[in-house]
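Survey of secondary and tertiary structure
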Amino acid sequence: MAGKPRKIELMAAPVSMQPGGYVAKAYAGRDKGPMTPELVLEVARPPGSWRIRLRWPCPEPVTDVSGDPALFPDAAAIFAPQQEESPWVTMGAPGLGVDGVLWRADSEELRAIGAEGLGSMKRDDAPTGWRFATKHEQGDWQLELTLPGWSTLDASGRIAIAIWRGSAQDRGGLKSVTPSWIDVG
Amino acid sequence: MSETVNGRQVAMVMDLNKCLGCQTCTVACKKLWNRDTGADYVYWNSVETLPGQGYPRRWQETGGRDEAGGVKRGEIPSLEGEYGRAWNFNVKDVVNSNSKQGKTWLRPDGDPKWGPNWDEDRGAGSYPEDNHYFYLPRICNHCTHPACLDACPRSAIDKREEDGIVLVDQDRCHGYRFCVEACPYKKVFFDTERQVANKCIFCMPRVEEGVAPACARQCPGRLRFVGYLDDEEGPIHKLVNVWKVALPLHPEYGLEPNVFYVPPMSPSAMDANGRPTGEPRIPYETLEGLFGPKVREALATVEAERAKRKRGEASELMDLLIAYDWNENFQLGLGGAVGPNEERV
């Protein structure tokens, strides 16, 4: 990796803005601190591609959720704004979309994601050539994503990152996120 | 809370005085809707012994509503702890052992510590003074204000305008399980293979054809009534609104469930000398804890009508509850008619 590692402090995604009448009330106060406090980001730009490496602490990795409805997997998402004004904290807004990639620790495949606001995320097959390598070592997840032809990031040069800690029952809007868009271009 | 004003509401009444605990309803539902591997542990219809821990275990304590109807953080039941893993049995070993010395007995794999009906027929109280139990069949209540719908950040749960049936859109569902957590009746489940929520659909394809849900049709005890709440000629309206003997489960949650129960009567408890005390074996407090403050009134009505019938007097309520003509239990047509495709049996 040619990029310089950057340590980034994360914040808990605000629960008060979660859609529906339950999550915001039931989880009020959970966003005082993130379940995953920080990550290390390295970004490189091989020709026609992006190589993004993340490392974050996760002392109790959850990689297998099969068979138990109470288990959630560790996961991470990286997304980029489709428009200059696309908000990061709500994963976009109507007409101001975001798109990116979702990795789940219980899956062998990446998923492409797109959203135009909270509760609107769509998942699809990842573009051909998008791949990942991962390992859990010394209490940390290390995830390296190779993402050729990600035109949205090519255009914007900015990403935001979300981390879900399965052991804390993170899912949906219960996640740790970067406090703003991050310039990587 | 979400506003879900509906055109019509299909509903069910279950007369707990007639439930045998035979689980035919459970099997009918399971066979019809939940045979996938990821739903092994799932019972949209369950029958639990009360007093008891229920299915899933401690469901009355782990939902997303408090006793004042306020939102509280619920729990997602675990497979081993609350639902109970579906057992596999050593059937082949047993069959093969017939020709060998030393019989192999049928037993489940592993060492299960809990499962549906683990505490079946245990109940509470002391023999012979006041021992008691009764069966509580449960399906999704298709609430007027569903906690599951309110909990879904993806709007993947819908309450149908035409009949009030609450459905999960599994194409929209991302498996977050806030619905599982929030439902105070714990009647939303999670398919662990397909990674989406699922729940009782009130046999929607049958209802659309005027046929009652499988759990109701298969019930040997004839304890289930199905119809529309606003059908003044139908059994639901009569039992819930006219006679007021059918009560919702945990009305204090404020969700307005649309499954109602005729609470169970019970014989008198006995004193130390074996004489009846006049107090019911199933304490009013137990029933009020389930069905709210109108239990005594409902039981008094049922008892009074039963007494009338015993005296040889007419009682519309008793005729209805006895279900002389079972077809009358299911009124899914308009104007109190038996559903258009309902077979008369």
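This report concerns the structure included in the present document. (Residues numbered from 1 in each chain as written. Chains lettered and ligands numbered in written order. Predicted model: local features only at pLDDT ≥ 70, side-chain atom pairs only at ≥ 80, totals over all residues. Heavy atoms only, no water.)

**Quick word on the overall build of chain B**
Check the secondary structure of chain B and you find eleven helices and 13 strands. Taking 20 Å as the expected radius of gyration for a compact globule of 345 residues, we find that chain B reaches 21 Å, a close match to that expectation. Projected onto its principal axes, the C-alpha positions of chain B cover 65 × 55 × 45 Å. Counting over 345 residues, chain B shows a buried share of 54%. The contacts in chain B between residues at least 6 apart in sequence include a share of 66% that link residues at least 24 apart. Here chain B has roughly 15,400 Å² of accessible surface; of this, 49% comes from carbon and sulfur atoms. Averaging the positions of the 43 positive and the 51 negative side-chain charges in chain B gives two centres separated by 5 Å. (Helix = DSSP H or I, 4+ residues; strand = E, 2+ residues; numbered from the N terminus. Rg over C-alpha atoms; globule rule 2.2 N^0.38 Å. Buried < 20%, exposed > 50% of the residue type's maximum accessible area, 1.4 Å probe, protein only. Contact = heavy atoms within 4.5 Å. Areas by Shrake-Rupley, 256 points an atom, 1.4 Å probe, with all protein chains shown as cover. Lys, Arg positive; Asp, Glu negative; His and termini not counted. Charge placed at Lys NZ, Arg CZ, Asp CG, Glu CD.)

**Examining the state of the cysteines**
All names here are of chain B. Inspection of every chain in the model, using the stated rule, returns zero disulfides over all chains. Here Cys22 is not cross-linked by a disulfide; its sulfur's nearest cysteine counterpart is in Cys25, at 6.2 Å. The partly exposed category is assigned to Cys22, whose relative accessible area is 40%. Distance from the sulfur of Cys215, which forms no disulfide, to the nearest cysteine sulfur (Cys203) is 6.1 Å. (Disulfide = S-S within 2.5 Å.)

**Let's talk about the packing of aromatic side chains**
Note on aromatic pairs: each is described by the distance of the centres and the angle between the planes. Scanning all chains against the criterion turns up 21 aromatic pairs over all chains. Between Phe79 of chain A and Trp181 of chain A, the ring centres sit 5.8 Å apart and the planes meet at 80 degrees, which makes this aromatic pair edge-to-face. One end of the pair, Phe79 of chain A, is in strand β5 (residues 75-81); the other, Trp181 of chain A, is in the loop between β12 (176-177) and β13 (182-183), with 102 residues separating them in the sequence. A single burial state applies to Phe79 of chain A and to Trp181 of chain A, both of which are buried. An aromatic cluster of three or more residues is present, and its members are Tyr41, Tyr43, Tyr55, Tyr83 and Phe189 of chain B. Cation over ring: Arg8 of chain B sits above Tyr228 of chain B, and NZ or CZ is 4.1 Å from the ring centre. Over the aromatic face of Trp114 of chain B sits the side chain of Arg57 of chain B, whose NZ or CZ is 4.3 Å from the ring centroid. (Phe/Tyr/Trp six-rings, centres within 6.5 Å; stacked < 30°, edge-to-face > 60°. Lys NZ or Arg CZ within 6 Å of the ring centre and 35° of its normal.)

**What to know about the nonpolar core**
Formed by 101 residues in total, the largest nonpolar core has its most connected members in Met12, Val226 and Phe291 of chain B. Excluding anything up to four places from it in sequence, Phe291 of chain B contacts Leu16, Leu136, Leu247, Pro248, Leu249, Pro251, Tyr261 and Pro263 of chain B. (Core = buried A, V, L, I, M, F, W, Y, C linked by side-chain atoms within 4.5 Å.)

**Digging into the pattern of salt bridges**
Charged atoms that come close allow side chains of opposite charge to pair. Evaluation of the coordinates by the stated rule reveals 27 salt bridges over all chains. The partner of Lys7 of chain A in a salt bridge is Glu38 of chain A, with the nearest N and O atoms 3.6 Å apart. In this pair, Lys7 of chain A sits in strand β1 (residues 6-9) while Glu38 of chain A sits in strand β3 (residues 38-44), placing the two residues 31 residues apart along the sequence. Within the structure, one salt-bridge network assembled from shared partners comprises Arg58, Glu61, Glu75 and Glu82 of chain B. (Salt bridge = Lys/Arg side-chain N within 4 Å of Asp/Glu carboxyl O.)

**Section: the packing of helix α9 (residues 284-291) of chain B against helix α10 (residues 295-310) of chain B**
Residues and elements named next belong to chain B. For the pair α9 and α10, interaxial distance at closest approach is 9 Å and the crossing angle is 110 degrees. The angle between α9 and α10 falls in the class roughly perpendicular. The segment α9 lies against α10, with Tyr284, Glu285, Leu287, Glu288 and Phe291 engaging Val295, Arg296 and Leu299. Looking at side-chain class alone, the contact of α9 with α10 contains five nonpolar, no polar and three charged residues. (Axes fitted to C-alpha atoms, helices over the stretch in contact; angles between N-to-C directions. Parallel < 35°, antiparallel > 145°, perpendicular 65-115°, else oblique. Nonpolar A, V, L, I, M, F, W, Y, C, P; charged D, E, K, R; others polar.)

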